[in-house]
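# Observations on chain architecture
Residue-level listing of the chains:
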Amino acid sequence: METANAIGSTGHATLAPAQVHGTACSGTLGRHLARRLVEIGVRDVFSVPGDFNLTLLDHLIAEPELNLVGCCNELNAGYAADGYARAKGVGACVVTFTVGGLSVLNAIAGAYSENLPVICIVGGPNTNDYGTSRILHHTIGLPDFSQELRCFQTITCAQAVVNNLDDAHELIDTAISTALKESKPAYISISCNLPGIPHPTFGRDPVPFFLVPKVSNQLGLEAAVEATADFLNKAVKPVIIGGPKLRVAKAQQAFLELANATGYPVAVMPSGKGLVPEHCPSFIGTYWGAVSTSFCGEIVESADAYVFVGPIFNDYSSVGYSLLIKKEKAIIVHPNRVTIGNGPSLGWVFMADFLSALAKKLKKNSTALDNYRRIYVPPGMPLKRAENEPLRVNVLFKHIQDMLSGDTAVIAETGDSWFNCQKLRLPENCGYEFQMQYGSIGWSVGATLGYAQAAKDKRVIACIGDGSFQVTAQDISTMIRCGQRTIIFLINNGGYTIEVEIHDGPYNVIKNWDYTGLVNAIHNGEGKCWTAKVRNEDELTNAINTATGEQKDSLCFIEVFVHKDDTSKELLEWGSRVSAANSRPPNPQ
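Criteria and cut-off values
- Residues numbered from 1 in each chain as written.
- Predicted model: local features only at pLDDT ≥ 70, side-chain atom pairs only at ≥ 80, totals over all residues.
- Heavy atoms only, no water.
- Buried < 20%, exposed > 50% of the residue type's maximum accessible area, 1.4 Å probe, protein only.
- Helix = DSSP H or I, 4+ residues; strand = E, 2+ residues; numbered from the N terminus.
- Pairing = 2+ DSSP bridges.
- Right-handed = clockwise from strand over helix to strand, strands pointing away.
- Contact = heavy atoms within 4.5 Å.
- Axes fitted to C-alpha atoms, helices over the stretch in contact; angles between N-to-C directions.
- Salt bridge = Lys/Arg side-chain N within 4 Å of Asp/Glu carboxyl O.
- Phe/Tyr/Trp six-rings, centres within 6.5 Å; stacked < 30°, edge-to-face > 60°.
- Parallel < 35°, antiparallel > 145°, perpendicular 65-115°, else oblique.
- Left-handed = near helix turned anticlockwise from the far one by under 90°.
- Expected span 1.5 Å × (residues − 1).
- Arc of directions from axis to C-beta.
- Polar contact = N/O pair within 3.5 Å; in protein donor to acceptor, adjacent residues only side chain to side chain.
- Core = buried A, V, L, I, M, F, W, Y, C linked by side-chain atoms within 4.5 Å.

As recorded in an unreviewed UniProt entry, the protein goes by Pyruvate decarboxylase and comes from Melia azedarach.

Before going further, it helps to spend a moment on the pairing of strand β7 (residues 238-242). For β7, the buried fraction is high: five of the five residues fall into the buried class. With five bridges connecting them, β7 and strand β10 (residues 305-309) associate as parallel partners. Paired with Ile-241 across the strands is Phe-308, a residue of β10. Pairing analysis gives three bridges linking β7 to strand β8 (residues 266-268), with the strands arranged parallel. When the bridges of β8 are listed, Gly-242 appears paired with Val-268.

Here strand β1 (residues 44-47) runs beside strand β2 (residues 67-70); their pairing, made up of four bridges, is parallel. Counted as the bridge partner of Phe-46 is Val-69 from β2. In this fold, β1 hands off to helix α3 (residues 54-62), which returns the chain to β2; that crossover is right-handed.

Positionally, Pro-185 belongs in the loop between α7 (168-182) and β6 (186-191). Its relative accessible area of 0% is what places Pro-185 among the buried residues. Considered as a pair, Pro-185 and Thr-156 are 29 residues apart in the sequence and their alpha carbons are 4.9 Å apart. If sequence neighbours within four positions are ignored, Pro-185 has contacts with Ile-108, Ala-111, Tyr-112, Leu-116, Pro-117, Val-118, Ile-155, Thr-156, Cys-157, Ala-158 and Ala-179.

To continue, consider the sheet that holds β1. Strands sit in the order β2-β1-β3-β4-β6-β5 across an open sheet of six strands; the sheet is parallel. The open sheet has two edge strands with one neighbour each: β2 and β5 (158-162). In this sheet, neighbouring strand axes are inclined to one another by 20 degrees on average, regardless of whether the strands run parallel or antiparallel. Taken strand by strand, helix α4 (residues 74-88) contacts β1, β3 (91-96) and β4 (118-124), and its axis lies near 165 degrees from that of β3. Along the sheet, helix α5 (residues 99-113) makes contact with β3 and β4, crossing β3 at roughly 155 degrees.

Enumeration over the complete set of coordinates arrives at 16 salt bridges. A salt bridge links Glu-433 to Arg-86; the nearest nitrogen and oxygen atoms lie 2.8 Å apart. Linking Glu-433 in strand β15 (residues 431-434) with Arg-86 in helix α4, this pair joins segments that are 347 residues apart in sequence. Summarising the burial analysis for this pair, Glu-433 and Arg-86 share the class buried. Beyond isolated ion pairs, a larger network of salt bridges with shared partners links Asp-82, Arg-86, Glu-114, Arg-247 and Glu-433.

Moving on, we get to the packing of aromatic side chains. This model, assessed by the stated rule, comprises 17 aromatic pairs. On the numbers, 6.5 Å between centres and 55 degrees between planes, the contact of Trp-418 with Phe-419 is tilted. Both residues of the pair, Trp-418 and Phe-419, belong to the buried class. Ring centres 5.9 Å apart and planes at 90 degrees place the aromatic pair Trp-418 and Phe-434 in the edge-to-face group. Separated by 16 residues along the polypeptide, Trp-418 in helix α15 (residues 416-422) and Phe-434 in strand β15 bring together distant segments of the chain. Residue Phe-434 is classed as buried on the basis of its relative accessible area of 3%.

Our next topic: the packing of helix α8 (residues 218-233) against helix α12 (residues 351-359). Two numbers describe how α8 lies on α12: the axes approach to 10 Å, and their chain directions differ by 50 degrees. It follows from the interaxial angle that α8 and α12 lie oblique. Note that α8 runs across α12; the crossing there is right-handed. Residues Leu-221, Ala-224, Val-225, Thr-228, Ala-229 and Leu-232 of α8 lie in contact with α12, whose contacting residues are Asp-353, Phe-354, Ala-357 and Leu-358.

Its 12 residues give helix α21 (residues 537-548) an end-to-end C-alpha distance of 16 Å, which sits within 8% of 16 Å, the value for a rise of 1.5 Å per residue. Of the positions making up α21, those classed as buried are Glu-537, Leu-540, Ala-543, Ile-544, Thr-546 and Ala-547. Those residues of α21 that are buried are in contact with α14 (393-403), β16 (459-465), β17 (487-492), β18 (529-534) and β19 (555-561).

Another point: the sheet that holds β18. Strands sit in the order β15-β14-β16-β17-β19-β18 across an open sheet of six strands; the sheet is parallel. The outermost strands of the open sheet, each flanked by one partner alone, are β15 and β18. Ignoring which end each strand starts from, the neighbouring axes of this sheet average 15 degrees apart. In terms of strand pairing, β18 meets β19 through six bridges, oriented parallel. Pairing of Lys-533 across the sheet is with Glu-559, part of β19. Strands in contact with α14 are β14 (408-412), β16, β17 and β19; relative to β17, the strand with the most contacts, it is inclined by about 170 degrees. Against the sheet, α21 engages β16, β17, β18 and β19, with an angle of about 170 degrees to β18.

With that settled, consider α3. Residues spaced three or four apart along an α-helix face the same direction, because each turn holds 3.6 residues. Looking only at α3, the buried set comprises Leu-56, Leu-57 and Leu-60. The arc enclosing the buried residues of α3, seen along the axis, measures out at 100 degrees, which places them on a common side. When the buried face of α3 is taken as reference, the exposed residues oriented beyond 90 degrees from it are Asp-58, Ile-61 and Ala-62. Contact partners of the buried residues in α3: α2 (29-40), β1, β2, β3, β4 and β6.

A few words now on the environment of Asp-304. Relative to the helices and strands, Asp-304 is located in the loop between α11 (296-301) and β10. Separated by 68 residues in the primary sequence, Asp-304 and Val-236 place their C-alpha atoms 6.6 Å from one another. Those residues in contact with Asp-304, other than ones at most four positions away along the chain, are Ala-235, Val-236, Lys-237, Pro-238 and Lys-329. Side-chain polar atoms of Asp-304 contact the backbone nitrogen of Val-236, separated by 2.6 Å. Only 2.8 Å separates the side chain of Asp-304 from the backbone nitrogen of Lys-237, close enough to count as a polar contact.

The biggest cluster of nonpolar side chains holds 95 residues, and the ones touching the most others in it are Phe-46, Leu-396, Phe-397, Phe-469, Ile-476, Phe-489 and Ile-558. Sequence-distant contacts of Ile-558, that is, excluding residues within four places in its chain, are made with Ile-487, Ile-488, Phe-489, Leu-490, Trp-530, Ala-532, Val-534, Ala-543 and Ala-547.

The topology assignment puts Ser-554 in the loop between α21 and β19. For Ser-554, a relative accessible area of 6% translates into the label buried. Once you skip the residues sitting within four places of it in the chain, Ser-554 turns out to touch Arg-459, Gln-484, Arg-485, Thr-486, Lys-528, Cys-529 and Trp-530.

See the structure below:
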């Protein structure tokens, strides 16, 4: 990721010092912000113009290393910055004051929940309007300009309202560096009359800021490693489970060291998929309680010790609080803390340091892995189809599995795609992203745009339900404008299937669209785009051959028709358990 290059592996910024003496070499605020974004690894900024941000956008466009990607709406611009940050390590979006800021809020909340550093930049009011009783357009009609800021305070780790030049440099740098350190979004509001004004603090290059490297407390680290090694070396059949916070802790490599050193079976929590290498010989699948992949759940839950690395236990990942996990058997490794069974919990111990040190202290133990291999039976193939039989979802995903390689990435939309994509076995270097903690339907359209823009070396395969697609469909337009070559499987099953399995009602049925017709209308003869409708396996095979053959450089949109009740068995089980958790009666008062 380019962020690592920009910041340096120790956390030091690596720029040449800027010359800030005198105004002769002063830059402008807009120029400074643009250079700062480039420095941290941003190359594409997702934006929606509005009168308060137009001058700022001029300065971003003027930066030769930045590409401005205009989106159809602010929600998608935020989702795109989220997807971009997943591939690149950091993302950015630019919107206008309040009408734009409140529209992007949902996407930034999602990025916060998934620990993604997204720099959300807003064009703010003219500096002369602050502190007055004037009422501005784009507001709710009160002379209070803080409404947007107050909304962002709960879903960003830092906020900067830049309405004078003297402290602009410091405010911007503090917000950006905090986002990188905490791996959370930051909010920066820039008054609309400031971007073009020079100031002595804006040198030709940004003044380097210093990101303090995170170093574990040595005594705490040693104590945590010793206690954990003692705990695990006494265990008969220990296992390791990787979770989503491996990303924020930047500990994937250390996790692999631990897996290779121990011989323990390695599973992944559903929201950690894509962060744990599935080609390694000890990988046994997804641990998701009752809806785990075959034989994985049994091995994890029957273990006498389990190491959860970077987990998030919520009602979705715990399948309605039904995991058969006991605290006294668990080592929980958080990004900055280790908790050992019912014993000590040691803070200021960082995950990568801990895993690397632990790998050197553990005895090899393949007991649980050997047991998994004894009981494992490969998943069955879908039943042989009848002549002209309508396409089944399990057949669709058998073909998607065959498309995967190290040159592809999978984006799974909230819904049954969670469960079907979870069963895909990822080849080495195959990307995988979904938004499990926040679970915002429609996320995948913008995220696919952003991820594909960042990971130009990969062909993105997005699996999107019809209900989700209707929320954010417009930015197919931006994908075509950007020349992206994503393959989108639009799974048309007539509604919100995941909601049906939690609690059915007429509100889960949506108006059917001619989805390929819509995409053809958006394409409108400009750029490369190819669409197909698929109703059976032969049509699917032909469509995939075309998408990966003669249309390999086009955006390919394949509308797949399946029965409304054709869901994964995992969704049926998960839906009933989540429904039971949601419908618990109030406790007696």
